[in-house]
Amino acid sequence: MNDPASSRLDLLRFLERVQEQDLARTRRWIDEERRKTERLQGEQARPEPPDWMIEYGLNRDALPTAVHTGECTMAGKRSKPTDSDTVRRALAAGVKPCQFCRPDTELGVLD
(Lines give C-alpha, C1' and ligand atoms only; values in the text may rest on other atoms or scores of the structure.)
Protein backbone atom coordinates (compact mmCIF):
# COMPACT_ATOMS: atom_id res chain seq x y z
CA MET A 1 0.00 0.00 0.00
CA ASN A 2 2.82 2.40 0.64
CA ASP A 3 4.10 2.40 -2.90
CA PRO A 4 6.74 5.15 -3.04
CA ALA A 5 6.28 5.62 -6.79
CA SER A 6 2.54 6.27 -6.60
CA SER A 7 2.86 8.54 -3.57
CA ARG A 8 5.56 10.57 -5.35
CA LEU A 9 3.34 10.79 -8.42
CA ASP A 10 0.41 11.91 -6.24
CA LEU A 11 2.59 14.59 -4.68
CA LEU A 12 3.74 15.80 -8.07
CA ARG A 13 0.14 15.99 -9.33
CA PHE A 14 -0.82 17.94 -6.21
CA LEU A 15 2.10 20.31 -6.79
CA GLU A 16 1.00 20.73 -10.40
CA ARG A 17 -2.55 21.71 -9.33
CA VAL A 18 -1.20 24.22 -6.79
CA GLN A 19 1.09 25.76 -9.40
CA GLU A 20 -1.75 25.96 -11.94
CA GLN A 21 -3.88 27.79 -9.36
CA ASP A 22 -0.99 30.16 -8.61
CA LEU A 23 -0.51 30.81 -12.33
CA ALA A 24 -4.24 31.48 -12.80
CA ARG A 25 -4.22 33.92 -9.86
CA THR A 26 -1.14 35.70 -11.25
CA ARG A 27 -2.81 36.03 -14.65
CA ARG A 28 -5.91 37.54 -12.99
CA TRP A 29 -3.71 40.07 -11.22
CA ILE A 30 -2.01 40.93 -14.51
CA ASP A 31 -5.42 41.40 -16.17
CA GLU A 32 -6.59 43.63 -13.30
CA GLU A 33 -3.50 45.82 -13.66
CA ARG A 34 -3.97 46.01 -17.44
CA ARG A 35 -7.63 47.03 -17.05
CA LYS A 36 -6.69 49.60 -14.41
CA THR A 37 -4.04 51.09 -16.71
CA GLU A 38 -6.46 51.16 -19.67
CA ARG A 39 -9.14 52.83 -17.53
CA LEU A 40 -6.69 55.52 -16.38
CA GLN A 41 -5.53 56.13 -19.95
CA GLY A 42 -9.14 56.43 -21.07
CA GLU A 43 -9.94 58.94 -18.34
CA GLN A 44 -6.91 61.02 -19.25
CA ALA A 45 -7.77 60.95 -22.97
CA ARG A 46 -11.42 61.90 -22.39
CA PRO A 47 -12.14 65.36 -23.77
CA GLU A 48 -13.39 68.08 -21.46
CA PRO A 49 -17.18 68.46 -21.44
CA PRO A 50 -18.55 71.51 -23.20
CA ASP A 51 -19.61 74.47 -21.07
CA TRP A 52 -23.19 74.49 -22.40
CA MET A 53 -25.50 72.22 -24.39
CA ILE A 54 -28.79 72.65 -26.18
CA GLU A 55 -31.08 69.64 -26.50
CA TYR A 56 -33.16 69.32 -29.65
CA GLY A 57 -36.39 67.47 -30.46
CA LEU A 58 -36.83 64.23 -32.38
CA ASN A 59 -36.71 65.30 -36.01
CA ARG A 60 -33.72 66.90 -37.72
CA ASP A 61 -35.45 70.29 -38.09
CA ALA A 62 -36.62 70.32 -34.47
CA LEU A 63 -36.44 73.38 -32.31
CA PRO A 64 -34.47 73.34 -29.05
CA THR A 65 -36.33 71.73 -26.19
CA ALA A 66 -33.96 72.33 -23.26
CA VAL A 67 -30.73 74.02 -22.23
CA HIS A 68 -28.13 72.24 -20.05
CA THR A 69 -24.75 72.88 -18.50
CA GLY A 70 -21.98 70.84 -20.09
CA GLU A 71 -21.71 68.44 -17.17
CA CYS A 72 -25.43 67.73 -16.83
CA THR A 73 -26.15 64.02 -16.79
CA MET A 74 -29.79 64.63 -17.77
CA ALA A 75 -28.89 65.94 -21.22
CA GLY A 76 -30.16 63.57 -23.89
CA LYS A 77 -28.44 62.11 -26.93
CA ARG A 78 -29.78 64.90 -29.11
CA SER A 79 -27.83 67.56 -27.20
CA LYS A 80 -25.20 69.60 -28.97
CA PRO A 81 -22.43 71.73 -27.44
CA THR A 82 -22.77 75.49 -27.77
CA ASP A 83 -21.54 78.78 -26.32
CA SER A 84 -23.02 80.92 -23.55
CA ASP A 85 -24.37 83.59 -25.92
CA THR A 86 -26.42 81.01 -27.81
CA VAL A 87 -27.71 79.62 -24.52
CA ARG A 88 -28.74 83.09 -23.35
CA ARG A 89 -30.57 83.72 -26.62
CA ALA A 90 -32.31 80.35 -26.38
CA LEU A 91 -33.42 81.05 -22.81
CA ALA A 92 -34.67 84.49 -23.85
CA ALA A 93 -36.61 82.86 -26.71
CA GLY A 94 -38.43 80.61 -24.25
CA VAL A 95 -36.40 77.39 -24.33
CA LYS A 96 -36.79 75.67 -20.97
CA PRO A 97 -33.74 75.40 -18.70
CA CYS A 98 -32.97 71.97 -17.29
CA GLN A 99 -34.52 71.55 -13.84
CA PHE A 100 -31.53 69.63 -12.57
CA CYS A 101 -28.47 71.61 -13.66
CA ARG A 102 -30.19 75.03 -13.74
CA PRO A 103 -28.14 76.74 -16.49
CA ASP A 104 -30.25 79.91 -16.19
CA THR A 105 -29.15 80.35 -12.58
CA GLU A 106 -25.53 79.65 -13.45
CA LEU A 107 -25.64 82.24 -16.24
CA GLY A 108 -27.45 84.75 -14.05
CA VAL A 109 -30.48 84.82 -16.38
CA LEU A 110 -33.68 85.12 -14.40
CA ASP A 111 -37.25 85.11 -15.68
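Presented here is a report on the structure given in the accompanying data block. As the structure is a prediction and not an experimental result, all values here were calculated from the model.

Side note on the nonpolar core
Ranked by size, the top nonpolar core spans eight residues in total: Trp52, Ile54, Val67, Val87, Ala90, Leu91, Val95 and Leu107. Where this core is concerned, the elements lending two or more residues are strand 1 (52-56) and helix 2 (84-92). Looking at this core element by element, the count peaks at three residues for helix 2. Excluding anything up to four places from it in sequence, Val87 contacts Trp52, Val67, Thr82 and Leu107.

Let's talk about the pairing of strand 1
Summarising burial for strand 1: four of the five residues are buried, a large majority. For strand 1 and strand 3 (residues 79-82), the ladder comprises four bridges, and the chain directions are antiparallel. When the sheet's bridge partners are listed, Met53 is paired in strand 3 with Pro81.

Considerations on the pairing of strand 2 (residues 64-69)
For a regular strand, side chains alternate in direction, first toward one face of the sheet and then toward the other. Of the pairings in the sheet, the one linking strand 1 to strand 2 comprises five bridges and is antiparallel in character. The residue of strand 2 that forms the bridge with Ile54 is Val67. As judged from the two bridges shared by strand 2 and strand 4 (residues 96-97), these two strands associate in the parallel manner. Each residue of the ladder has a partner; that of Val67, found in strand 4, is Pro97.

Some details on the side chain of Asp104
Mapped onto the elements, Asp104 comes out in helix 3 (residues 103-107). Given the relative accessible area of 8%, Asp104 is considered buried.

Looking at the state of the cysteines
In total, this model carries zero disulfides according to the counting rule given. Cys72 forms no disulfide, and the closest cysteine sulfur to it belongs to Cys101, at a distance of 3.7 Å.

Comments concerning a negative patch on the surface
A cluster of acidic residues, Glu48, Asp51, Glu71 and Glu106, forms a negative patch on the protein surface. In this fold, Asp51 is placed in the loop between helix 1 (4-45) and strand 1. Exposure remark for Asp51: the relative accessible area of 60% places this residue in the exposed category.

A look at the sheet that holds strand 1
Overall, mixed pairing links the four strands, which are arranged 3-1-2-4 in an open sheet. Looking at the sheet topology across the chains shown, the edges are occupied by strand 3 and strand 4. Against the sheet, helix 2 engages strand 1, strand 2, strand 3 and strand 4, with an angle of about 45° to strand 1.

Remarks on the pattern of salt bridges
Tallied over the full model, the rule gives five salt bridges. Measuring nitrogen to oxygen at the nearest pair gives 3.9 Å for the salt bridge that ties Arg34 to Asp31. Here the residue Arg34 and the residue Asp31 both occupy positions in helix 1, the gap between them amounting to three residues, near one helical turn. Taking relative accessible area as the criterion, Arg34 reaches 40% and is therefore assigned partly exposed. The exposure class of Asp31 is partly exposed, given its relative accessible area of 32%. Here Glu38 ties to Arg34 by a salt bridge, and the two come within 3.3 Å at their closest N and O atoms.

What counts, and where the lines are drawn
- Residues numbered from 1 in each chain as written.
- Predicted model: local features only at pLDDT ≥ 70, side-chain atom pairs only at ≥ 80, totals over all residues.
- Heavy atoms only, no water.
- Core = buried A, V, L, I, M, F, W, Y, C linked by side-chain atoms within 4.5 Å.
- Buried < 20%, exposed > 50% of the residue type's maximum accessible area, 1.4 Å probe, protein only.
- Helix = DSSP H or I, 4+ residues; strand = E, 2+ residues; numbered from the N terminus.
- Contact = heavy atoms within 4.5 Å.
- Pairing = 2+ DSSP bridges.
- Disulfide = S-S within 2.5 Å.
- Patch = residues over 30% accessible without salt bridge, like charges linked within 9 Å, V, L, I, M, F, W, Y side chains within 5 Å.
- Areas by Shrake-Rupley, 256 points an atom, 1.4 Å probe, with all protein chains shown as cover.
- Salt bridge = Lys/Arg side-chain N within 4 Å of Asp/Glu carboxyl O.
- Lys, Arg positive; Asp, Glu negative; His and termini not counted.
- Charge placed at Lys NZ, Arg CZ, Asp CG, Glu CD.
- Axes fitted to C-alpha atoms, helices over the stretch in contact; angles between N-to-C directions.

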